[in-house]
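Close look at the chain arrangement
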Amino acid sequence: MVSNRKTSVKKYYYLLLIPIILISCSKNDEINSLPKYQAGVVLTLDDDYVYEWEMAQDILKNYSWKATFCVSKVNQFSPEKIVILKALENYGHEIAGHSLNHINAVEYSNSYGVEAYFNNEISPMMSIMNANSFAIKSFAYPYGARNNSIDTKLFSTFNILRGTTYGALNPNIQNCYYNNSNLVYGLGIDSSYSHFSISYFIKLLEYAKLNHKILILYAHKPVLTANASYQTDMNTLIQICNYVNQNNMKFYKLSELYNLWKNFES
């Protein structure tokens, strides 16, 4: 009788364990089915600081870096600036859009409508870019200002849209990693941001490396020593590029995220 009772108890526990094992296997299969990319970083630089971008290129080319330059106010560019942009593109960088006049898309659309924003800020920018043989596929919102209505309209022209996120959150809850979407968010690395910390940026890179993530960052005006808003200290960029190189990570361009997204969707 004791032997039969023990056998019954064992069977009972086995029956209890079966659904737990099945759930566990299901979760593991789900995790394993998620795409894993080579860990890396998307470096985006915004606005119209073309001469400073050229300076950064001279310094960072030793790291074989790749960046995405999100350009605004192209209607005010001299021929020399266009030549520099084309040289950056020929090196392997991406040239992306950042609107014509660097206007807050949400505020403008609330006042005049999404169509007016598109017609006055996007279409003229694209016409000038096309006339100078730049095939623009990516767009970064000025000030990170966006909403779903504007996204929908801009996705008729661009493959990838970039907003912004802020704060020194723990890496595992940060929103500045590629998320299998064609709408992504970047974290600013200008020295004037309250969350600025090279050690924090390295922590984000380390999390990306360990978890097969792609970190998305944005900067503005590279300078040797930052002392004003919208300036990025060259040492910050050097530290980031050096970490990428030393840890077998990859420099991604913003448009390359679209290809990852399409492959994930298909």
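None of the values given here were measured: they were computed from a predicted structure. (Residues numbered from 1 in each chain as written. Predicted model: local features only at pLDDT ≥ 70, side-chain atom pairs only at ≥ 80, totals over all residues. Heavy atoms only, no water.)

This brings us to the packing of helix α2 (residues 50-60) against helix α3 (residues 79-91). With their axes 10 Å apart at the nearest point, α2 and α3 run at an angle of 35° to one another. As α2 runs across α3, the sense of the crossing is left-handed. Here V50, Y51, W53, E54 and Q57 of α2 come into contact with α3, specifically with E80, K81, I84, L85, L88 and Y91. Among the residues forming the contact of α2 with α3, the class breakdown is seven nonpolar, one polar and three charged. (Axes fitted to C-alpha atoms, helices over the stretch in contact; angles between N-to-C directions. Helix = DSSP H or I, 4+ residues; strand = E, 2+ residues; numbered from the N terminus. Left-handed = near helix turned anticlockwise from the far one by under 90°. Contact = heavy atoms within 4.5 Å. Nonpolar A, V, L, I, M, F, W, Y, C, P; charged D, E, K, R; others polar.)

Structurally, the position occupied by N179 is in the loop between β5 (160-165) and β6 (183-188). Overall, N179 belongs to the partly exposed group, its relative accessible area being 34%. Along the primary structure N179 and K213 are separated by 34 residues, whereas in three dimensions their C-alpha atoms are 8.7 Å apart. (Buried < 20%, exposed > 50% of the residue type's maximum accessible area, 1.4 Å probe, protein only.)

Our next topic: the nonpolar core. Counting residues in hydrophobic clusters, the biggest one holds 62 residues, and the most contacted among them are L43, W65 and L154. Take this core: its biggest share by element is seven residues, from helix α5 (residues 114-131). Once residues within four sequence positions are removed from consideration, L154 is found in contact with Y117, F118, I122, F139, Y141 and L161. Counting residues in hydrophobic clusters, the runner-up holds 13 residues, among them V42, I160, L257 and Y258. (Core = buried A, V, L, I, M, F, W, Y, C linked by side-chain atoms within 4.5 Å.)

Attention now moves to the packing of aromatic side chains. Evaluated as defined, the whole model comprises 13 aromatic pairs. Consider the rings of Y193 and Y218, whose centres lie 6.0 Å apart with planes at 75°: the pair is edge-to-face. One end of the pair, Y193, is in the loop between β6 and α7 (198-211); the other, Y218, is in strand β7 (residues 214-219), and 25 residues separate them in sequence. Assessed through its relative accessible area of 18%, Y193 is described here as buried. A centroid spacing of 5.9 Å and a plane angle of 40° characterise the contact between Y258 and W261, whose relative ring orientation is tilted. Remark: W261 and Y258 occur in helix α9 (residues 254-265); sequence separation between them is three residues, near one turn of the helix. W261 carries the same exposure label as Y258, and that label is buried. Aromatic rings pair up to connect W53, W65 and F69 into one cluster. We note K86 situated over the ring of F134; from NZ or CZ to the ring centre the distance is 4.0 Å. Sitting above the plane of the F118 ring, K153 keeps its charged end 4.8 Å from the centroid. (Phe/Tyr/Trp six-rings, centres within 6.5 Å; stacked < 30°, edge-to-face > 60°. Lys NZ or Arg CZ within 6 Å of the ring centre and 35° of its normal.)

On to the packing of α2 against helix α8 (residues 234-246). Two quantities define a packed helix pair, namely the angle between the helix axes and the distance between the axes. Two numbers describe how α2 lies on α8: the axes approach to 11 Å, and their chain directions differ by 40°. One way to sum up the angle between α2 and α8 is to call them oblique. In the crossing of α2 with α8, the sense of the turn from one axis to the other is right-handed. Residues M55, A56, I59 and L60 of α2 touch α8, and the partners they reach there are M234, L237, I238 and C241. Each residue belonging to the contact of α2 with α8 can be placed in one class, and the counts come to eight nonpolar, no polar and no charged. (Parallel < 35°, antiparallel > 145°, perpendicular 65-115°, else oblique.)

Once that is clear, we can look at the pattern of salt bridges. Applying the stated criterion to the full structure yields four salt bridges. Salt-bridge contacts for R162 lead to D46; the nearest nitrogen and oxygen are separated by 2.8 Å. Of the two residues, R162 sits in strand β5 while D46 sits in strand β1 (residues 40-47), which places them 116 residues apart along the sequence. A salt bridge links D151 to R146; its shortest N-O distance comes to 2.6 Å. (Salt bridge = Lys/Arg side-chain N within 4 Å of Asp/Glu carboxyl O.)

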